[in-house]
Structures are given as C-alpha cells and as structure tokens.
Amino acid sequence: MSQHQVHAVQQLAKVMGWHLLSFSNHVGLGPVESIGNASAITVASPNGEYSISVRNGPESGCKVVVQFPRSQCKDLPKSDVMQDSKWNHLRGPYKEVLWSKMEGRNFVYKMELLMAALAPCP
C-alpha cells in the first residue's frame, strides 16, 4: 500500500505541474520495517518555492512534510556566514503536516488539496 500512495503522489504531481525531485521504492533511512520497505517521494511546486516530501511505510505509516521559502520562516536565525542576498532564495526547514487533521476523505484528495494550496495562482 505504501508504494501505491507514493506512486499516486507522483502521478498527481505530473497532472498539477509539480516537478519530481526524488523518488524511491526502497528507502534506506528511518525506522526499519519488519515487513516490506518504506517508499518516499519529494516534489517541488511549479515555481520552485515549496516542496513536499512523503515517506510511507507498511508499519510506520505516512509522514508528509512541507518545505517553505526561507523568506516565510520568521524563526530562522540570521547567519553571519551567508552575507550575499542571493542565498535568501533557498528554501527553509521542513515542517510536518498533521495529516489526520487535513480535510479530505482519502490520501489522494488530501494531497491534491495540499498541492493546490501551495501552488501559485495563474
């Protein structure tokens, strides 16, 4: 089931114009699954400002995290190392999505709503 949901994110990303950054059916990081393998995918929004990472395992379940633009992260400390303003265009840290609190009946519908909310308006 975990691979099916990750494949669903991949197909949804294609339809919605998101860019695939990474995909793996056999993730070697995180908790070891006693049955099967965890799968993971990372996609970026059409304008590149946001990214969504999904890790789904048969026992560990689904974990969805979103990476926001650095300009929207107020809690990031100012760095003395990065003086040039061009580095402000990098994305900031990941924040976990409370998947159980999201509106929607199933995984694909919830993911579609999340992608639509993060995609730029035409």
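What you see is a predicted model; the values in this text were computed from it and never measured. (Residues numbered from 1 in each chain as written. Predicted model: local features only at pLDDT ≥ 70, side-chain atom pairs only at ≥ 80, totals over all residues. Heavy atoms only, no water.)

1. Quick word on the overall build of the protein
Then, in step 1: A count of helical and extended segments in the protein gives two helices and five strands.
Then, in step 2: In sequence order, the secondary structure elements of the protein are arranged as α-β-β-β-β-β-α.
Then, in step 3: Expressed as a percentage of the 122 residues in the protein, the buried residues total 34%.
Then, in step 4: In the protein, the share of contacts with a sequence separation of at least 24, taken over all contacts with a separation of at least 6, comes to 49%.
Then, in step 5: By element, 55% of the accessible surface of the protein is carried by carbon and sulfur atoms, the whole surface being about 8,000 Å². (Helix = DSSP H or I, 4+ residues; strand = E, 2+ residues; numbered from the N terminus. Buried < 20%, exposed > 50% of the residue type's maximum accessible area, 1.4 Å probe, protein only. Contact = heavy atoms within 4.5 Å. Areas by Shrake-Rupley, 256 points an atom, 1.4 Å probe, with all protein chains shown as cover.)

2. Regarding the environment of V27
Then, in step 1: With respect to the helices and strands, V27 occurs in the loop between β1 (19-24) and β2 (39-44).
Then, in step 2: Exposure remark for V27: the relative accessible area of 22% places this residue in the partly exposed category.
Then, in step 3: A sequence separation of 14 residues divides V27 from I41, and the C-alpha atoms of the two residues are 9.7 Å apart.
Then, in step 4: Among residues more than four places away in sequence, those in contact with V27 are A38, S39, A40 and R55.

3. A look at the packing of aromatic side chains
Then, in step 1: Enumeration according to the criterion identifies two aromatic pairs in this entry.
Then, in step 2: Ring geometry for Y50 and F68: centres 5.8 Å apart, planes at 85°, overall edge-to-face. Taken together, the residues span a long stretch of sequence, with Y50 in the loop between β2 and β3 (51-57) and F68 in strand β4 (residues 61-69) at a distance of 18 residues.
Then, in step 3: We classify Y50 as buried; its relative accessible area is 11%.
Then, in step 4: Relative to F107, the ring of W99 lies with its centre 5.5 Å away and its plane at 55°, an arrangement referred to as tilted.
Then, in step 5: The exposure class of F107 is buried, given its relative accessible area of 10%. (Phe/Tyr/Trp six-rings, centres within 6.5 Å; stacked < 30°, edge-to-face > 60°.)

4. With respect to the confidence of the model for the protein
Atomic detail in the predicted coordinates should be set aside for any region of low pLDDT.
Then, in step 1: Looking at the protein, the pLDDT average stands at 83 and 80% of residues meet or exceed 70.
Then, in step 2: Strand β5 (residues 91-96) is the least confidently modelled element of the protein, averaging 79 in pLDDT, while β2 averages 93, the highest of any element. (pLDDT = per-residue confidence, 0-100.)

5. Structural notes on the pairing of β2
Then, in step 1: Of all the six residues making up β2, six are buried; the element is thus mostly covered by neighbouring parts of the structure.
Then, in step 2: The pairing of β1 with β2 spans five bridges and is antiparallel. The residue of β2 that forms the bridge with L20 is V43.
Then, in step 3: Pairing between β2 and β3: six bridges, direction antiparallel. (Pairing = 2+ DSSP bridges.)

6. A look at the side chain of R55
Then, in step 1: Summarising the element assignment, R55 is placed in strand β3.
Then, in step 2: Only 3.4 Å separates the side chain of R55 from the side chain of S60, close enough to count as a polar contact.
Then, in step 3: Ignoring sequence-local partners within four residues, the contact set of R55 consists of V27, L29, G30, P31, E33, A38, S39, A40, S60, G61, C62 and K63. (Polar contact = N/O pair within 3.5 Å; in protein donor to acceptor, adjacent residues only side chain to side chain.)

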